[in-house]
2 protein chains.
Amino acid sequence: MNFCQACTVRNRAICADLETYEIALLNKIGRRRRLEAGESLMWEGDDAVYVANVVSGVLKLSTQTSDGREQILGLAYPSDFLGRPFGNTSPYNAEALCETVVCVFRRTDFERFALDHSRLEHKLLERTLSELDRTRRWMLLLGRMNAEERLAALLLEIGARSVAAGCGNSADADIDRFELPMSRQQIADILGLTIETVSRQLTKMREDGIIEIRGRRKVTICKRGVLEKLAA
Amino acid sequence: MNFCQACTVRNRAICADLETYEIALLNKIGRRRRLEAGESLMWEGDDAVYVANVVSGVLKLSTQTSDGREQILGLAYPSDFLGRPFGNTSPYNAEALCETVVCVFRRTDFERFALDHSRLEHKLLERTLSELDRTRRWMLLLGRMNAEERLAALLLEIGARSVAAGCGNSADADIDRFELPMSRQQIADILGLTIETVSRQLTKMREDGIIEIRGRRKVTICKRGVLEKLAA
DNA sequence: CGATCAGTTGAATCGGATCAAAACCTGTGG
DNA sequence: CCACAGGTTTTGATCCGATTCAACTGATCG
């Protein structure tokens, strides 16, 4: 059965631009896997057995200090690539934040395929370079921004990525009106803050009329300009 | 004239493993460039005209917030690759911390070469993946570690990298005995701290007998175990 | 031998963390 | 439909680590 043919991220993931026969080959070595919210795809330090493409949903990538403090390294949205090709151990944990579908490959199968099909390897290189850029921009946030600026940056990023990716069940994915795919605790882990600080900052933004919050997770950005200035 | 033949990083940089004829081609499109301490190779946001290999010396990669706060993204040691292939603008500033020699290529020349020689592209991919791993580990430091832990991590990293790279004029590069290639202010920028905090922590470590400091920049690690525990 | 710049030390301040408690969903069973 | 139990989130009070501001020390150099 050919998953790729009907794949929703077919044109955006690293498999884009492959020839039909290459897709067929790739289809043979990959398989679909469904993850429940909270389920993990890989653990930091484990043997890097699999790599994967996100088809739908959102995952968090995280690492931790020896005494258990967690730091989220980033989020993976549909069409993003997961795992560590050409390495032996996984550099992070990857955990589904909501119901998520991924397309997994044994790392060794994938590597062999990549070495034989340089177009795929090139795509992977471009994606890795972009990811490095994104990660470095995040370092500025963690190293130099205060709590308010961090929240502003995250809200803008989630808005942008939700739209770009069609975040799973995303009837309501709008750049200014979206659902947070994570809890307050997870927001805190992403931003290197505590849950209380996140809560206080969100409340402050609500009081200032910058955002609206319905329920726990539905957010509307009312004053995009203010957020952008904060996050700059 | 063939620089590559005598190149000191020939076996560690991305050009390693190329065939002799490939090296000859690469040699044609590259040229050596010497940078004084403080001189910049590229600026964030500028057109990405060049990419480069570090031959000797150390550079810092940095970015800044719109209001001028700086964050150093990482250090580049001999054999490291600089620049943003397959992208239009440079994602960071790269500035030499001491006298530095790089091997520069026009980005477009380099890209053409890489697309034709998949072995080079593969090396670049592996290097980019490693750099992404390193960058992500740094996020844990910026997001979750206190001042003491950050300094410990940096000292260990500089020791390791100085040895691995032979940091420029490095008669004295030992994993436990090395010269800081940067000022206190630059250390602060790397670690997301202030210069005063860096100074206080170094003094504290000296008083605790964990390190020795001679002059301003010569450091000896006396109790490696303690540092490793702090940085873990 | 001042002048200058990098680094250190001290005191006061502040932002975010921590600890504790109240408020709020959300799902369940009567 | 309501009550209530479980968790999550918000709010409040306090504390602490790092920053800030300021003064001082110590190298380096004309």
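Quick note: structure is the one above.
Being a predicted model, the structure only gives us computed values, none of them experimental. Think of each chain on its own: its residues are numbered from 1, step by step along the sequence as written. Naming scheme: in the order in which they are written, chains are lettered from A and ligands are numbered from 1. Given that the model is predicted, a residue must reach a pLDDT of at least 70 before its local features are reported, and side-chain atom pairs must reach 80 or more before they are shown or counted; all residues, however, enter totals for whole chains, interfaces and linings. Only hydrogens and water are removed before side-chain values are computed, so all heavy atoms of the structure are retained for them.

*Asks:* Please clarify how the protein's contact with DNA strand D should be interpreted in this entry.
*Replies:* We call a residue near a molecule or strand when any one of its heavy atoms sits within 4 Å of it. Around DNA strand D, the structure places 16 residues, and the nearest of them are A:R184, A:T203, B:A147, B:T197 and B:R200. What you see for DNA strand D is that sugar and phosphate hold 60% of its atoms within 4 Å of the protein. The separation between a phosphate oxygen of DNA strand D and a polar side-chain atom of A:S199 is 2.9 Å. Polar contact is defined as a pair of N or O atoms within 3.5 Å, subject to the rule that within protein one atom must be able to donate a hydrogen and the other to accept it, and that residues adjacent in sequence are counted only when both atoms are side-chain atoms. Residue B:A147 places a main-chain N or O atom 2.7 Å away from a phosphate oxygen belonging to DNA strand D. Secondary structure elements follow DSSP: runs of H or I no shorter than four residues count as helices, runs of E no shorter than two count as strands, and numbering proceeds from the N terminus. Those elements giving two or more residues to the surface near DNA strand D turn out to be helix 6 (195-207) of chain A together with helix 6 (195-207) of chain B. Ranked by residues supplied to the surface near DNA strand D, first place goes to helix 6 of chain A with 4 residues.

*Asks:* Just checking my understanding: could you explain the protein's contact with DNA strand C for this structure?
*Replies:* Neighbouring DNA strand C are 16 residues; A:A147, A:T197, A:R200, B:R200 and B:T203 lie closest to it. Of all atoms in DNA strand C that approach within 4 Å of the protein, 64% are sugar or phosphate atoms. In the environment of DNA strand C, a base nitrogen lies 2.9 Å from a nitrogen or oxygen atom belonging to the side chain of A:E196. A:T197 places a polar side-chain atom, nitrogen or oxygen, 2.4 Å from a phosphate oxygen of DNA strand C. Elements represented by at least two residues in the surface near DNA strand C include exactly helix 6 of chain A together with helix 6 of chain B. Looking at which element gives the most residues to the surface near DNA strand C, the answer is helix 6 of chain B, with 4 residues.

*Asks:* Honestly, the interface of chain A and chain B in this entry has me stumped. Any pointers?
*Replies:* Where interface size is given, it is often the accessible area lost as the parts come together that is meant. Taken together, the 43 residues of chain A in the interface contact 43 residues of chain B. Here chain A packs against chain B, burying approximately 3900 Å² in sum over the two surfaces, 63% of which is carbon and sulfur. A quick way to say it: buried area is the sum, across both parts, of accessible area lost when two parts are put together, with a 1.4 Å probe. The largest per-residue losses of area from chain A upon contact with chain B belong to A:R136, A:M139 and A:R144, which jointly make up 20% of the total buried on that side. Only one rule defines a salt bridge in this text: a Lys or Arg side-chain nitrogen within 4 Å of an Asp or Glu carboxyl oxygen. Across the chain A-chain B interface, the total number found is 8 salt bridges. Residue A:R69 pairs with B:E149 through a salt bridge whose shortest N-O separation is 2.9 Å. Of all elements in the fold, only strand 4 (59-64), strand 5 (70-76), helix 3 (118-144) and helix 5 (184-191) of chain A reach the threshold of two or more residues within the side of chain A that touches chain B. Tallying contributions element by element places helix 3 of chain A first for the side of chain A that touches chain B, with 20 residues. Of the residues belonging to the side of chain A that touches chain B, the class tally is 20 nonpolar, 12 polar and 11 charged. We call two residues in contact when some of their heavy atoms are within 4.5 Å. For this scheme, ten residues count as nonpolar: Ala, Val, Leu, Ile, Met, Phe, Trp, Tyr, Cys and Pro. Four count as charged, namely Asp, Glu, Lys and Arg, and the remainder, Gly too, count as polar.

Take it as geometry only, folks, not as evidence of what the structure does.
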